[in-house]
Amino acid sequence: MSTESVQFHHDADRLTHDLRHRALIQKALGGYYVKRDEQKAKYTDWQQARVSAAAAKYEAVNHLDKYLVELSDKLEARGTKVFWAADGPEAADYIASVARNAGVKRIIKSKTMTGEEIHLPQALEKAGLEVVESDLGEFIVQLREEPPYHIVFPSMHLTRGEIDDTFQKKLGSAHADTPEELTMIARNVMRRKYCEADMGISGANFAVAETGHISITENEGNARLSTSLPKVLVSIVGIEKVVPKLDDLAVLLPMLATAGAGQNMTCYNTLLGGPRQPGETDGPREFHVVLLDNRRTALLADAEQRDALHCIRCGACLNVCPIFKNIGGHSYGTTYQGPIGSVITPHLRGLQSWKHLSFSSSLCGACAEACPVKIDLHHHLLQNRRNAIAEKPAWWEKPIFAGFAWFMRRPALYRLAAPLLRIGGPLLHVIRGQFFDPVRLWTATRDLPPAPPQSFKEYWRARHAKR
Amino acid sequence: MPNDSREKILRRIREALSVKAPARHLPGAASSGHQPQDWLPPVPSSTDELVALFEKNSLDLKTEVRRCADAAAVASELDALAKENHWQSVGSHRFSLGNEAVSALGLPVVFTDQPYETDSLERCDAGISGCDCLVAQTGGILVTSASAGGRVLSVLPPHHVVIASAGQLVGDLADAFAVLRKHYGATPAFASFITGPSRTGDIERILVLGAHGPKKLTVLLVQA
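Report follows, based on the coordinates. (Residues numbered from 1 in each chain as written. Chains lettered and ligands numbered in written order. Predicted model: local features only at pLDDT ≥ 70, side-chain atom pairs only at ≥ 80, totals over all residues.)

Secondary structure assignment for chain B yields six helices and 12 strands. The dimensions of chain B, computed from C-alpha atoms along their principal axes, are 65 × 50 × 45 Å. (Helix = DSSP H or I, 4+ residues; strand = E, 2+ residues; numbered from the N terminus.)

Okay, structure coming up:
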């Protein structure tokens, strides 16, 4: 087993037994289900809307070269500098050099999972820059030096009491009782930071090729402030974020809000196509868009799973996943948690190290049903399993199946097994879970059903004997 | 500056796309003749119904909508807002629906359509702006630098007041994009849909208004 896999099983085991954690997640998600269903019911046809959204992303991803070039040209036409980064270090080096050239000291960041993926804040801090996260949930986990728990709700695993402790310790704030008071503490801290920062960093939810814009979706207003107040702005955009037309957003923006948070529309949806233009009185003087590959092209090359690049990072698949709900976001050990994380992480970071995520699934398909862009998530989990085994077969599988086949071909032996199980069954109960229990991996978390008094063959024979 | 990997990435993409992906889940015959936005929540066509839908969505979003019969009513509503909320100073810009009402307040005004200090705008109690259009389907307000006094006025002060006319209502986002094309030809460098006052649910998923942007959002809707 890979070290990632050992860590995963350890953390998953611990959190599955943490009832407090489970109650917290169920309460949070319970509210989400109600809002999401209310909102979905307002659609003329949610299923057809999903098909339309999937079609827009299919067109973009399957003509990615064309739309990226169009996006880049249109952005540059308004004075935006576009940088194409093959991997994380290239992106981080470029952003650090932009900061150096502009004499930047303080950076205000609005939530970007792509930045998280390449450990951008850490790289910039190493370069001697102050990086402050402005999204409330991200700010809280940054203070606690934790990774985000969920791609949309980063601090979902924390109670107000824990957040209050963190604020008192790290910000020296007074005790606060309510989410309202805690939010206002963060608001006041951040107000100064926006005005003092020399550079803003954002992610993007979409990038529109037709008009040359990135589109940022957020509720708090932190992205709007981070992208308009500092003199330099850098937006980091995964190459799969591109959509062909502006009108595609007419469907994708409401669907992202509904699938992601049960909202009609997220509070701020902002299109950014360039730095301050002639006639504008505010906005950044410099605007850099970093288009990041970081092995997305490897996923693109897998035609079978290419639709995983349709993902709009709404988090809907996490919210319905029975695995996520039990093991929580941190157990995954990945930037992207839940079903989509289990599907794409092996492509982004290596199949053999991350295959365990695809095996840790009930394959119930709730994720694929929830996905607003119709990614075949649970099929991709199966394909990852198949690919992992084809690449590196497990040595014990062949002999086990050969032995099983040998056994099944011998009816006399097979008939002997049933009475043995009836004798052995009660004995198994006695040694259950102990070292010499041969099925302890099963009985550790489940009941072993008692052996039936009669096998089917015996039942059939007895029935015929009566007639 | 490090070198960019444009050609390398484009080459990898073209190699990857040489194998075609299975076209699952694409629109079938059932959706021919439909626009994708036809599947979203339905929108009415008459202005009165659009206004009613916008008001209903605004209520859910906690946006306050005040109807005003004419320009004089706008001035008195704005004055009432100023008194209710004890405004000391406001940020604004020059726009036809707002000019008179803003100057009638008699308060210090930071104009953001001319060079201004961020700190002085930050100290304002309200930002008063126009918009490009109002979106009935979502309860959204579309702003650009030209229509709303820059990129910052509509998000920095704690109370954002939008003055708009009922004629500015459109059905859905696609209609709003058409308004942008009509107003500016090409889509401008900055545009934002504002759908309710700033909010967060990051602490125990409990809604709190005014996370970083305005805690209050008021639309003064001129009927004429």
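Next up on the list: the overall build of chain A. Looking only at helices and strands, chain A features 23 helices and 10 strands. With respect to the principal axes defined by its C-alpha atoms, chain A has extents near 100 × 55 × 45 Å. Taking all 467 residues of chain A together, the buried fraction comes to 50%. Nonlocal contacts in chain A, meaning residues at least 24 apart in sequence, comprise 73% of its contacts between residues at least 6 apart. (Buried ≥ 20, exposed ≤ 12 C-beta atoms within 10 Å, placed from the backbone. Contact = placed C-beta atoms within 7 Å.)

Moving on, we come to the interface of chain A and chain B. Taken together, the contact between chain A and chain B spans 83 residues of the former and 74 residues of the latter. When grouped by side-chain class, the residues that make up the side of chain A that touches chain B number 37 nonpolar, 27 polar and 19 charged. Where strand β9 (residues 268-272) of chain A lies against strand β9 (residues 190-194) of chain B, five bridges are found, and the strand directions are antiparallel. The residue of β9(B) that forms the bridge with Thr270(A) is Ser192(B). (Nonpolar A, V, L, I, M, F, W, Y, C, P; charged D, E, K, R; others polar. Pairing = 2+ DSSP bridges.)

Residues and elements named next belong to chain A. Membership of the largest hydrophobic core comes to 181 residues, with the highest contact counts inside it found for Leu64, Ile95, Val242, Leu252, Val290, Leu291 and Cys317. It is helix α12 (residues 248-261) that contributes the most residues to this core, 10 residues altogether. For this core, the two domains that each supply at least three residues are domain 1 (1-42 + 316-393) and domain 2 (50-294). Beyond its immediate chain neighbours, meaning those up to four positions away, valine 242 contacts Ala60, Leu64, Tyr67, Leu68, Leu71, Ala207 and Ala209. (Core = buried A, V, L, I, M, F, W, Y, C linked by C-beta atoms within 7 Å. Domains from an automatic or database assignment.)

All names here are of chain A. At a closest axis distance of 9 Å, the pairing of helix α16 (residues 338-349) and helix α19 (residues 377-391) adopts a crossing angle of 40°. The orientation of α16 relative to α19 falls into the category oblique. When the axes of α16 and α19 are compared, the crossing they make is left-handed. Residues Pro339, Ile340, Ser342, Val343 and Pro346 of α16 form the contact with α19, whose own contacting residues are Leu377, His380, Leu381 and Asn384. Of the residues contributing to the contact of α16 with α19, the split by class is six nonpolar, three polar and no charged. (Axes fitted to C-alpha atoms, helices over the stretch in contact; angles between N-to-C directions. Parallel < 35°, antiparallel > 145°, perpendicular 65-115°, else oblique. Left-handed = near helix turned anticlockwise from the far one by under 90°.)

A few words now on the environment of Phe193(B). Here Phe193(B) shows up in strand β9. Overall, Phe193(B) belongs to the buried group, with 25 C-beta atoms counted inside 10 Å. Sequence separation between Phe193(B) and Thr118(B) is 75 residues; the distance between their C-alpha atoms is 22 Å. Leave out the neighbours within four places in its chain, and Phe193(B) touches Met265(A), Asn269(A), Val135(B), Gly140(B) and Leu142(B).

Residues and elements named next belong to chain A. Its 23 residues give helix α2 (residues 19-41) an end-to-end C-alpha distance of 33 Å, which sits within 8% of 33 Å, the value for a rise of 1.5 Å per residue. Those residues of α2 lying buried are Ile25, Leu29, Tyr32, Arg36 and Gln39. At its buried positions, α2 is contacted by α12, α14 (316-320) and α15 (322-327). (Expected span 1.5 Å × (residues − 1).)

Turning to the sheet that holds strand β2 (residues 106-109) of chain A, a few remarks are in order. Residues and elements named next belong to chain A. In spatial order, the strands read β1-β10-β7-β4-β2-β3; together these six strands make up an open sheet with parallel pairing. Strand pairing shows two members of the sheet lacking a second neighbour, β1 (81-85) and β3 (130-133), which therefore form its edges. Adjacent strand axes in the sheet meet at a mean angle of 20°, parallel and antiparallel pairs treated alike.

With that settled, the discussion passes to the packing of helix α9 (residues 160-171) of chain A against helix α10 (residues 179-196) of chain A. Residue and element names in this part refer to chain A. It is at 10 Å that the axes of α9 and α10 come closest, and there the two elements cross at 30°. By the criterion of interaxial angle, the relationship of α9 to α10 is roughly parallel. Here α9 and α10 pass one another in a crossing that is left-handed. Contacts between α9 and α10 involve Arg160, Ile163, Asp164, Phe167 and Leu171 from the former and Pro179, Leu182, Ile185 and Val189 from the latter. Residues belonging to the contact of α9 with α10 are distributed by class as follows: seven nonpolar, no polar and two charged.

To continue, consider the sheet that holds strand β4 (residues 126-129) of chain B. All names here are of chain B. The six strands are arranged β1-β12-β7-β4-β2-β3 in an open sheet whose pairing can be described as parallel. The two strands at the open ends of the sheet, each matched to only one other strand, are β1 (64-68) and β3 (109-111). Between one strand axis and the next, the sheet turns through 20° on average, direction left out of account.

Residue and element names in this part refer to chain A. Counting buried positions along strand β6 (residues 213-218) yields six of six residues, so the element is predominantly enclosed. The two faces of β6 match: His213, Ser215 and Thr217 on one face and Ile214, Ile216 and Glu218 on the other face are all buried. Alignment of strand β5 (residues 206-208) against β6, held across three bridges, turns out to be antiparallel. Across the sheet, alanine 207 pairs through a bridge with isoleucine 214, a residue of β6. Hairpin connection of β5 to β6: four residues between the antiparallel strands, including glycine 212 at a positive phi of 70°. In this sheet, β9 lies alongside β6 in antiparallel orientation, the contact comprising five bridges. Along β9, the bridge assignment pairs serine 215 with leucine 271.

All names here are of chain A. Positive phi, normally seen in glycine, also occurs at glutamate 145, with a value near 55°. Along the chain, glutamate 145 falls in the loop between α8 (136-143) and α9. On the basis of neighbour counts, which here come to 7 C-beta atoms within 10 Å, the residue glutamate 145 falls in the exposed class. At asparagine 294, a position not held by glycine, the phi torsion is positive, near 45°. Mapped onto the elements, asparagine 294 comes out in the loop between β10 (286-292) and α13 (296-301).

Take helix α1 (residues 6-17) of chain B next. Taking 1.5 Å per residue as the helical rise, α1(B) with its 12 residues ought to reach 16 Å, and the 17 Å between its terminal C-alpha atoms agrees with that figure. Of all the positions in α1(B), only Ile9(B), Leu10(B), Arg12(B), Ile13(B), Ala16(B) and Leu17(B) are classed as buried. Viewed along the axis of α1(B), the buried residues span an arc of 160°, placing them on a single side of the element. For α1(B), exposure combined with an orientation more than 90 degrees from the buried face picks out Glu7(B) and Glu15(B). Structurally, α1(B) contributes buried residues whose contacts are with α4 (64-77), β1 and α13 of chain A. (Arc of directions from axis to C-beta.)

On to the environment of Gly127(B). Residue and element names in this part refer to chain B. Looking at the secondary structure, you find glycine 127 in strand β4. A C-alpha to C-alpha distance of 5.7 Å links glycine 127 and leucine 153, two positions 26 residues apart in sequence. Filtering out sequence-adjacent residues up to four positions away, glycine 127 remains in contact with Gly91, Leu153, Ser154, Leu156, Pro157 and His160.

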